[in-house]
Amino acid sequence: MVRINGQEENAAGCLLKDYLEQKGYPADGIAVECNEQMLPKSQYASYRIKDGDVLEVVSFVGGG
(Lines give C-alpha, C1' and ligand atoms only; values in the text may rest on other atoms or scores of the structure.)
Protein backbone atom coordinates (compact mmCIF):
# COMPACT_ATOMS: atom_id res chain seq x y z
CA MET A 1 0.00 0.00 0.00
CA VAL A 2 0.92 3.61 -0.58
CA ARG A 3 -0.11 6.64 1.50
CA ILE A 4 -1.17 9.54 -0.71
CA ASN A 5 -2.37 12.76 0.94
CA GLY A 6 -3.00 10.80 4.13
CA GLN A 7 -5.08 8.05 2.49
CA GLU A 8 -4.02 4.45 1.91
CA GLU A 9 -4.18 3.61 -1.79
CA ASN A 10 -3.30 0.60 -3.90
CA ALA A 11 -1.12 2.53 -6.36
CA ALA A 12 2.17 0.62 -6.07
CA GLY A 13 3.57 -0.12 -9.51
CA CYS A 14 1.82 2.81 -11.23
CA LEU A 15 3.76 5.54 -12.95
CA LEU A 16 3.26 8.79 -11.07
CA LYS A 17 2.16 10.61 -14.24
CA ASP A 18 -0.54 7.97 -14.89
CA TYR A 19 -1.76 8.12 -11.29
CA LEU A 20 -2.04 11.91 -11.39
CA GLU A 21 -3.98 11.79 -14.68
CA GLN A 22 -6.35 9.10 -13.35
CA LYS A 23 -7.10 11.22 -10.29
CA GLY A 24 -7.71 14.36 -12.38
CA TYR A 25 -4.76 16.43 -11.17
CA PRO A 26 -3.84 19.19 -13.63
CA ALA A 27 -0.51 18.86 -15.43
CA ASP A 28 0.50 22.32 -14.19
CA GLY A 29 -0.12 23.85 -10.80
CA ILE A 30 0.85 20.90 -8.60
CA ALA A 31 3.92 19.73 -6.71
CA VAL A 32 4.60 16.20 -5.51
CA GLU A 33 6.59 15.24 -2.44
CA CYS A 34 7.66 11.61 -2.17
CA ASN A 35 9.07 10.34 1.12
CA GLU A 36 9.77 13.92 2.23
CA GLN A 37 11.64 14.80 -1.00
CA MET A 38 10.26 17.04 -3.74
CA LEU A 39 10.08 15.24 -7.08
CA PRO A 40 10.98 17.29 -10.15
CA LYS A 41 8.22 17.40 -12.76
CA SER A 42 10.69 15.84 -15.20
CA GLN A 43 10.49 12.61 -13.17
CA TYR A 44 6.69 12.27 -13.09
CA ALA A 45 6.63 10.22 -16.31
CA SER A 46 9.35 7.82 -15.17
CA TYR A 47 8.80 7.52 -11.39
CA ARG A 48 7.11 4.22 -10.52
CA ILE A 49 5.27 4.41 -7.19
CA LYS A 50 6.63 1.84 -4.76
CA ASP A 51 4.94 -0.06 -1.94
CA GLY A 52 5.44 1.95 1.24
CA ASP A 53 5.86 5.33 -0.48
CA VAL A 54 4.35 8.36 1.23
CA LEU A 55 3.22 10.96 -1.32
CA GLU A 56 1.80 14.43 -0.86
CA VAL A 57 0.23 16.09 -3.89
CA VAL A 58 -0.16 19.83 -3.42
CA SER A 59 -2.24 22.04 -5.71
CA PHE A 60 -1.37 25.70 -6.02
CA VAL A 61 -4.25 28.13 -5.60
CA GLY A 62 -4.07 31.73 -6.70
CA GLY A 63 -5.91 34.53 -5.06
CA GLY A 64 -5.80 38.15 -4.42
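Procedures and definitions
Residues numbered from 1 in each chain as written. Predicted model: local features only at pLDDT ≥ 70, side-chain atom pairs only at ≥ 80, totals over all residues. Heavy atoms only, no water. Helix = DSSP H or I, 4+ residues; strand = E, 2+ residues; numbered from the N terminus. Buried < 20%, exposed > 50% of the residue type's maximum accessible area, 1.4 Å probe, protein only. Salt bridge = Lys/Arg side-chain N within 4 Å of Asp/Glu carboxyl O. 1 Å grid on protein atoms, 1.4 Å probe; cavity = no way out; pocket = protein on both sides within 12 Å on 5 of 7 lines; lining within 4 Å. Points joined across faces, edges and corners; volume = space filled by probe spheres on them. Nonpolar A, V, L, I, M, F, W, Y, C, P; charged D, E, K, R; others polar.

Chemist: I'd like to hear about the environment of Gln22, residue by residue, with values.
Modeler: Mapped onto the secondary structure, Gln22 falls in helix α1 (residues 16–22). What makes Gln22 exposed here is its relative accessible area of 61%. Distance in space between the C-alpha atoms of Gln22 and Ala12 is 14 Å, their sequence separation being 10 residues.

Chemist: Could you give me a rundown of the pattern of salt bridges, with the residues and numbers involved?
Modeler: Scanning the model with the defined rule gives 3 salt bridges in all. With a shortest N-O distance of 3.5 Å, Lys23 and Glu9 are connected by a salt bridge. Of this pair, Lys23 sits in the loop between α1 and β3 (30–34) while Glu9 is found in strand β2 (residues 7–9), placing the two residues 14 residues apart along the sequence. Overall, Lys23 belongs to the partly exposed group, its relative accessible area being 47%.

Chemist: Explain the layout of surface pockets to me, and be specific about the residues and the numbers.
Modeler: Looking at the largest pocket, its volume works out to about 180 Å³. Lys17, Leu20, Glu21, Tyr25, Pro26, Ala27, Ile30, Lys41, Tyr44 and Ala45 together form the lining of the largest pocket. With 3 residues, α1 is the largest single contributor of residues to the lining of the largest pocket. Of the residues belonging to the lining of the largest pocket, the class tally is 7 nonpolar, no polar and 3 charged.

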